[in-house]
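So the chains spell out like this:
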Amino acid sequence: AGLTMLLVSCFIISCNGLVKFSSDQWCPTGKPSPNDEIYVILGLKQTNTEWLEETLLAVSDPHSPQYGHHISLEEMVHFVHAYPEGVTAVKEVLGSVGIVPEFTLGEGFAVAYIPVSVAENLFSAEFYQYKHIEDARMIVTRSKTYTLPHHLIEHVDFVAGMSDFPAQNSHKKNFSGNLKGIYNDTTPDVIDKAYNISGYVSKNSKNSQAIAGFLEQYFSPDDLKSFQTQYNIPLKPIVKVIGKNEPGDPGMEASLDVQYISSTGRNVDTWFVSVAKNANGKQEDFMTWLLELINNTDSPWVHSVSYGDYEKTIDPKYMERVEQEFMKLGVSG
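The shown structure was predicted, so the numbers you read here are calculated from the model rather than taken from an experiment.

Of regular secondary structure, the protein chain possesses 10 helices and 13 strands. Evaluated residue by residue, the protein chain yields a buried proportion of 48% over its 333 residues. For the protein chain, long-range pairs separated by at least 24 residues make up 78% of all intrachain contacts whose partners lie at least 6 apart in sequence. A total accessible area of about 16800 Å² is found for the protein chain, and carbon and sulfur atoms account for 51% of it.

Unlike most non-glycine residues, N232 shows phi in positive territory, near 55°. Relative to the elements of secondary structure, N232 occurs in the loop between α7 (221-230) and β11 (240-242). Phi angles above zero are rare outside glycine, and N267 is one such case at about 65°. Here N267 shows up in the loop between α8 (252-264) and β12 (269-274). The exposure class assigned to N267 is partly exposed, which follows from its relative accessible area of 33%.

Before going further, it helps to spend a moment on the environment of E92. Position of E92 among the secondary structure elements: in helix α4 (residues 84-95). E92 sits 60 residues away from L152 along the chain, and the two C-alpha atoms are 9.9 Å apart.

Attention now goes to the pattern of salt bridges. On inspection of all chains with the given rule, the structure shows eight salt bridges. Among the ionic pairs, K236 bridges to D269, the shortest N-O distance being 2.8 Å. Taken as a pair, K236 in the loop between α7 and β11 and D269 in strand β12 lie far apart in primary sequence, 33 residues in all. With a closest N to O distance of 3.1 Å, K244 and E246 form a salt bridge. When its relative accessible area of 39% is taken as the criterion, K244 is described as partly exposed. Accessibility expressed as a relative area gives 33% for E246, which makes it partly exposed. Here the salt bridges do not stand alone but share partners, grouping K45, D157, R321, E325 and K328 into one network.

Cut-offs and rules
Residues numbered from 1 in each chain as written. Predicted model: local features only at pLDDT ≥ 70, side-chain atom pairs only at ≥ 80, totals over all residues. Heavy atoms only, no water. Helix = DSSP H or I, 4+ residues; strand = E, 2+ residues; numbered from the N terminus. Buried < 20%, exposed > 50% of the residue type's maximum accessible area, 1.4 Å probe, protein only. Contact = heavy atoms within 4.5 Å. Areas by Shrake-Rupley, 256 points an atom, 1.4 Å probe, with all protein chains shown as cover. Salt bridge = Lys/Arg side-chain N within 4 Å of Asp/Glu carboxyl O.

As C-alpha cells, then:
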C-alpha cells in the first residue's frame, strides 16, 4: 500500500531546510540492494565568500588596479576554504560508520560513496529506485526525505546525491560523421575572416585549451581528423581525455566543440574533460566537472563550456555553491 501511495504522490523533498524540490515525474520501481552505493557530495560552508566575489570582479575589470592580478588555486585556499571545525565534524560523523571521505582542494567539499544501508541509518532515509515516467532510461536511487546528522547542520551548505530529483532534458543528438551540410555557412574560413585570425597558428608549446563534455556527449578522433583535413587546419588530435569517451558513439555537441576549438586555437594542445553522469537528472553535472578542475591544478587555462541547466529546477543552495566554484576559477585566471 505504501508503494502504491508513492506512485501517485507528488514528492516533496526536505532536508532540514537545505533542499526543497518537488516532482511528479518519478515513479518508484523498488528497493535498491543494501550494498548499492550512492555518491554523496557534502558542500561545507566556506570562509571569505564575499572576498571571492569582490576579487573576481576586481581582477576582471580593466579599470581596476587589480585587473589581471590573478592568484593560483593553491594560493586561494589561504583565503577561501572550509572551516576547520566543519571538516572535523564531517570526518567524525562519516568515520563513525566506517566511511572515509575525500576532500577537494581547500576542503570545501567532502565526497564519498556510501552503501544504501549505511546511508539509510546515518541520514534517517529510505531509498528507492525511481524511473522517469517519460524516459525509462532515467533511473536514480533517491530517498523521499532524509535528515542531516545534528552535528553537521551548522557546517554544511548543501548535500547532493540524496534527494535531489532530476529534471528531464533533451535527448542526446548523435553525429553521423558526415560533414556535408552540418556546418551550413559557418565554416572555419568564415570565422577566420570575421575575427581576422586567418593563418593564425599557435607556436607556444605551453598553450593549452579544453572542451567540457556532458550528457554522454563524446567525440570521434577520426571525425576530428577529417574535419581538420577538409578545412586545411593543422592536424592536431586531442592530447588528453579525462573521464569517459566512446569514439564509436559521437554526439553532435561534443563533435562540433572539439572540431571548432581546433579551428580557432590551431596547433594548441586540447583536452576533453568528460563527465558522463548527470546531476539534476538529464542535466549537466557542473559540480563534478568543477571539482575535477579545482583538484587538477595543471589543467588548461582556457575551457569551453557550451552547456547550461534549467535554473528553476536547481536547488538554490546547490546553484549558489556552483557559482562560488566558478568564481574560484575566474580569480585564478
